[in-house]
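Inside the fold
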Amino acid sequence: MDGGVREQMGGAAPSGAQPGGAMAPGQGAGAELSRRTFLSAGLAAGGGLMLTLSLPGLAEARAEGAAHAADSETTLTAYIRIAPDGTTTIMAKNPEMGQGVKTSLPMMIAEELDVAWSQVRTEYAPLNPALYPAQFSGGSFSTPMNWEPMRRAGAAGRAMLVQAAARAWRVPVEECTAAEGVVYHARSGRKASYGALASRAARLPAPDLRTLTLKDPKDYKIIGHFTPQVDAARVLAGEPLFGIDQSVPGMLYAVYEKAPVFGARALGANLDEIKSLPGVRDAFIIHGDPSQVFTAGLLDGVAIVADRWHQANKALERLQVQWEDSPAASQSTRGFAQQAAELARGAPQQILRHDGDVDRGFYGAAKILEAAYSYPFLAHVPLEPMNSTAYAKPDGTIEVWTPTQGPAGARTLIAKTLKMDPDKVTVHMTRVGGAFGRRNYNDYGVEAAAISQHIGKPVKLLWNRRQDIQHDVYRPAGYHHFRGGLDTQGKLVAFADHFVTFGQGGKVASSAGMENDQFPGGFVPNLQFGMSLMQLGAPTGSLRNPGNNGLAFAFESFIDELAAAAGRDPLEFRLALYGPPKVFPAPPARFGMRLPAFDTGRVRGVLELVAEKSGWGRTQLPPRTGMGIAFCYSHLGYVAEVVKASVNERGIPRIHKVWVAADVGRQIVNPAGAYNQAQGAVLDGLGVALHEALTIENGAVVNENYNTFSPIRMREAPDVEVHFRITDNAVTGLGEPTLPPALPALTNALFAATGKRIRSLPIDPTLLAS
């Protein structure tokens, strides 16, 4: 379900900027896991094969896997169960939020297991970090982290089933083959289904994962083929799959009102009046920890519990709370802009990078260009507001049903906050109606748990849209003050950026920083990146492609300005900057993955491909119509985009088409999901450029709904043509990489159409009016 863009993947994990790259062959997380992975085999409950995929520290995985099998099913691995009729159930371990991992990860297993996709059913795996490592969704890491281990899990099952058949028939295992859930012996004409062979396979020793031979991609029958999401029909039918749909017998409904100024304590409220309202069962203050304002923990608020949600929500209109004064009440969007301008006039508070002699570089430049760029705070605004259902039971345990990107993090936060043993907290994953990084933070889950613990009954907490926007974890705003120096040949010889951003507690706020290798770092002989911090009282964090979703707009727009000042084509200027193909040293490992080097050859590849597909430089355009180009490396993906747009006399932009060229390695796992993700992220980025901005006044967010914070509308959405450049590099993710280039490609197109630069987002049509 696309939902117009908003049920797609949210960027979650911290994202490094350039240089960096996709994992080199044999160097990704999968390769690392496979060397440390082993199998153990035994009889499952009720007979049959239980093949357990084990990692260091994994305990009791065999019993866990068998516990989820029906009596008639055989458990091959913790991920695989096979019924007598051949139906194969594959566990999907990562949260599904529209990005398609409940389909793509089982596809990897099914491919190597050699079972027909029509025989496959998928289920959410229970939360068990030991049994199912890296059980989260975010940062476009689901594919690169699971590509190797998921395929090996399938290959292990196939190997044991084939061996079981060979032993039963007393033939060499090399003479047996498997296809679509059946093992064949061609010479004798014999065959046996996986279901019939499972119990025999249970008596065999497990294979060494390192010895398994994986398929040649040319033999893939599932991977690389368009496959609809496994729950698509159920979503269209309105089945209760999402967190907001969950229901527990005896459940009550709740809202939770927090201070407009983040982290302020509740001093009192008209609780007796609220309790007297129709349907209201209880109203009470919960005192949280104000130090968790920046980490999305439990904060002070007023809970209203009622028979129906609309009754609790209606009661908010009568609620009056006395909040403690907060120093953050003096902060505002306007004030931040003024403070940033003042800081930019001085020296940076810290130097992130310094190459060469910047002063000499500018002194010797034939032309110097200066420009200030800015982008606003953003909210995530997924279609499904924050919600959780919780039941604190009399036996001291608690169950939580929550649409989260990080179920393990939810359990940890709930246990710590409520002072419980984590083993007494059960977190059930639900389908997520959009996340974009917001559901990395589990404040709504711990709120539901705290309310249920207080009343001793199951309760569904559902935020209204105002609360969802005004108590988000925001994409931070940013202010860049650029200088660029060009020589007489139009070559960039000096570059400087004074980046004014936000701090909290003396540190850079979450997702508010910039890596020292942000492009063009490493490609200009004389370069300096400086940074200054403004203190911020609002929480910030990851939003789809954190960091790059703002940095790419600023840097790629200014690169375009420099190209124009040099009198050079924007594509040619970028290609000259990146230079001939070159591989940089590999960056440090992240999330257990060894990341390979940034490869300028892959940059050139996608820039040249998108130029070819869009007709760059070969297309005659009408008046006030232009094409813009941009590139961004992020989340291991190389992406270049071209936007064609026009502007009417009133300055209103119209986006006609977007071309995308992406290099995410040697294999597209599920083209249906890949195109969905690539196109959705582009549309998300265009919406950010066109409309989206949060306004802070007196320390509080004033936006309340989609009428004051608007994503892109269907009438504005252009055709997005996606081309994948297949290269011999490790397979990487697609939830985020295509978003960042969309913004500068659009603003660069608007410059080509009007000769006017957009240096602040969202786009102000009055600046483009003729």
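This text follows the structure it describes.
Residues numbered from 1 in each chain as written. Predicted model: local features only at pLDDT ≥ 70, side-chain atom pairs only at ≥ 80, totals over all residues. Heavy atoms only, no water.

This next bit is on the overall build of the chain. Looking only at helices and strands, one finds 18 helices and 30 strands in the chain. Counted over contacts in the chain with a minimum sequence separation of 6, partners at least 24 positions apart contribute 76%. For the chain, the accessible surface area stands at approximately 28500 Å², while carbon and sulfur atoms represent 50% of it. (Helix = DSSP H or I, 4+ residues; strand = E, 2+ residues; numbered from the N terminus. Contact = heavy atoms within 4.5 Å. Areas by Shrake-Rupley, 256 points an atom, 1.4 Å probe, with all protein chains shown as cover.)

Contact pair helix 11 (residues 407-417) / helix 12 (residues 443-455): the axes reach a minimum separation of 9 Å and the direction vectors enclose 40°. Judged by the inter-axis angle, helix 11 sits oblique to helix 12. By crossing handedness, the relation of helix 11 to helix 12 is classed as right-handed. Between helix 11 and helix 12, the residues in contact are Leu413, Ile414 and Thr417 and Asp443, Gly445, Val446 and Ala449, respectively. Counted by class, the contact of helix 11 with helix 12 contains 4 nonpolar, 2 polar and 1 charged residues. (Axes fitted to C-alpha atoms, helices over the stretch in contact; angles between N-to-C directions. Parallel < 35°, antiparallel > 145°, perpendicular 65-115°, else oblique. Left-handed = near helix turned anticlockwise from the far one by under 90°. Nonpolar A, V, L, I, M, F, W, Y, C, P; charged D, E, K, R; others polar.)

Let us now look at empty space enclosed by the protein. Rolled over the atoms, a probe sized like a water molecule indicates the empty space that remains. This model, assessed by the stated rule, comprises 6 cavities of 30 Å³ or more. Taken as a whole, the largest cavity encloses approximately 290 Å³ of empty space. If you go around the largest cavity, you meet 22 residues; those closest to its centre are Gln99, Ser104, Thr143, Gly733 and Leu734. Ranked by residue count, the leading element in the lining of the largest cavity is helix 17 (residues 671-690), at 3 residues. Looking at the lining of the largest cavity residue by residue, the classes come out as 9 nonpolar, 13 polar and no charged. Its boundaries defined by the atoms lining it, the second largest cavity holds a volume of some 120 Å³. Forming the walls of the second largest cavity are 15 residues, and the residues nearest its centre are Lys258, Leu299, Asp443, His471 and Pro539. (1 Å grid on protein atoms, 1.4 Å probe; cavity = no way out; pocket = protein on both sides within 12 Å on 5 of 7 lines; lining within 4 Å. Points joined across faces, edges and corners; volume = space filled by probe spheres on them.)

Attention shifts here to the sheet that holds strand 18 (residues 398-402). Whether parallel or antiparallel, the strands of a sheet pair through hydrogen bonds between backbone atoms. Read across the sheet, 7 strands follow the order 12-13-10-20-17-18-19 without closing on themselves; strand pairing throughout is mixed. Sheet topology places strand 12 (280-286) and strand 19 (425-429) at the edges, where each strand pairs with a single neighbour. The average undirected angle you get between the axes of adjacent strands in this sheet is 20°. For strand 18 and strand 19, the ladder comprises 5 bridges, and the chain directions are parallel. When the bridges of strand 19 are listed, Val400 appears paired with Val427. Packed onto the sheet, helix 11 meets strand 18 and strand 19 and runs at close to 150° relative to strand 19. In the packing of helix 12 onto the sheet, the strands contacted are strand 10 (252-258), strand 12, strand 13 (301-306), strand 17 (387-392), strand 18 and strand 20 (459-462), and the crossing angle to strand 17 comes to about 35°. (Pairing = 2+ DSSP bridges.)

Before going further, it helps to examine the sheet that holds strand 8 (residues 182-185). Reading across the sheet, the 3 strands line up as 7-8-9 and stay open at both edges, with antiparallel pairing between neighbours. Of all strands in the sheet, those bounded by a partner on one side alone are strand 7 (176-179) and strand 9 (190-193). Going across the sheet, the axis of each strand differs from the next one's by a mean of 20°, ignoring polarity. Sheet topology note: the strand 8/strand 9 ladder contains 4 bridges and is antiparallel. Looking at strand 9, one finds that Val182 is bridged to Ser193. Helix-sheet contacts for helix 4 (residues 142-169) involve strand 7, strand 8 and strand 9, and the interaxial angle to strand 8 is about 45°.

Judged by nonpolar contacts, the single largest core of 116 residues is most densely connected at Phe377, Phe495, Phe502, Phe631, Leu686, Leu746 and Ile763. Of all the elements, helix 17 adds the most residues to this core, at 9 residues. (Core = buried A, V, L, I, M, F, W, Y, C linked by side-chain atoms within 4.5 Å. Buried < 20%, exposed > 50% of the residue type's maximum accessible area, 1.4 Å probe, protein only.)

Tallied over the entire structure, the rule returns 27 aromatic pairs. A ring pair is formed by Phe262 and Tyr474, whose centres lie 5.9 Å apart and whose planes are at 75°; its orientation type is edge-to-face. Taken together, the positions of Phe262 in the loop between strand 10 and strand 11 (266-269) and Tyr474 in the loop between helix 13 (465-470) and strand 21 (478-486) put the pair 212 residues apart, joining distant regions of the chain. Each member of the pair Phe262 and Tyr474 is classed as buried. When the centroid spacing of 4.2 Å and the interplanar angle of 10° are considered together, the rings of Phe519 and Tyr578 count as stacked. One end of the pair, Phe519, is in the loop between strand 23 (507-508) and strand 24 (526-535); the other, Tyr578, is in helix 15 (residues 570-578), with 59 residues separating them in the sequence. Judged by its relative accessible area of 5%, Tyr578 is buried. The structure contains a cluster of three or more aromatic residues connected by ring pairs, namely Phe519, Phe523, Tyr578, Phe584, Phe598, Phe631, Tyr633 and Tyr638. (Phe/Tyr/Trp six-rings, centres within 6.5 Å; stacked < 30°, edge-to-face > 60°.)

In this section: the environment of Asp497. Secondary-structure assignment places Asp497 in strand 22 (residues 492-504). Along the backbone, Asp497 and Leu352 are 145 residues apart, and their C-alpha atoms lie at a distance of 10.0 Å. With near-sequence residues (within four places) excluded, Asp497 lies in contact with His480, His481, Phe482, Met514, Gln528, Phe529, Gly530 and Phe555. A polar side-chain atom of Asp497 sits 3.4 Å from the main-chain amide nitrogen of His481. (Polar contact = N/O pair within 3.5 Å; in protein donor to acceptor, adjacent residues only side chain to side chain.)

Moving on, we get to helix 3 (residues 101-113). Taking 1.5 Å as the rise per residue, helix 3 with 13 residues should run 18 Å; its terminal C-alpha atoms sit 18 Å apart, in good agreement. Taken across its 13 residues, helix 3 has 13 buried, putting it largely inside the fold. Looking one or two places after helix 3, you find Asp114, whose phi comes out positive at around 65°. (Expected span 1.5 Å × (residues − 1).)

With respect to the helices and strands, the residue Ser634 is situated in strand 25 (residues 625-634). Residue classification places Ser634 among the buried positions, given a relative accessible area of 0%.

Using the criterion set out here, one finds 40 salt bridges in the structure. Glu447 is the salt-bridge partner of Lys258, the closest N and O atoms lying 2.8 Å from each other. One end of the pair, Lys258, is in strand 10; the other, Glu447, is in helix 12, with 189 residues separating them in the sequence. In the salt-bridge network here, residues are joined through shared partners; they are Lys258, Arg438, Asp443, Glu447 and Asp472. (Salt bridge = Lys/Arg side-chain N within 4 Å of Asp/Glu carboxyl O.)

A cis geometry characterises the amide bond from Phe519 onward to Pro520, with omega recorded as 15°. Cis geometry marks the peptide bond from Leu761 to Pro762; its omega dihedral reads -5°. Within the chain, Ser140 stands out as a residue other than glycine whose phi angle is a positive 55°. Its location among the elements puts Ser140 in the loop between strand 6 (120-124) and helix 4. For Ser140, a relative accessible area of 2% gives the class buried. Here Glu180, not a glycine, exhibits a phi torsion of approximately 50°, which is positive. Considering the arrangement of structural elements, one finds Glu180 in the loop between strand 7 and strand 8. For Glu180, a relative accessible area of 48% gives the class partly exposed.

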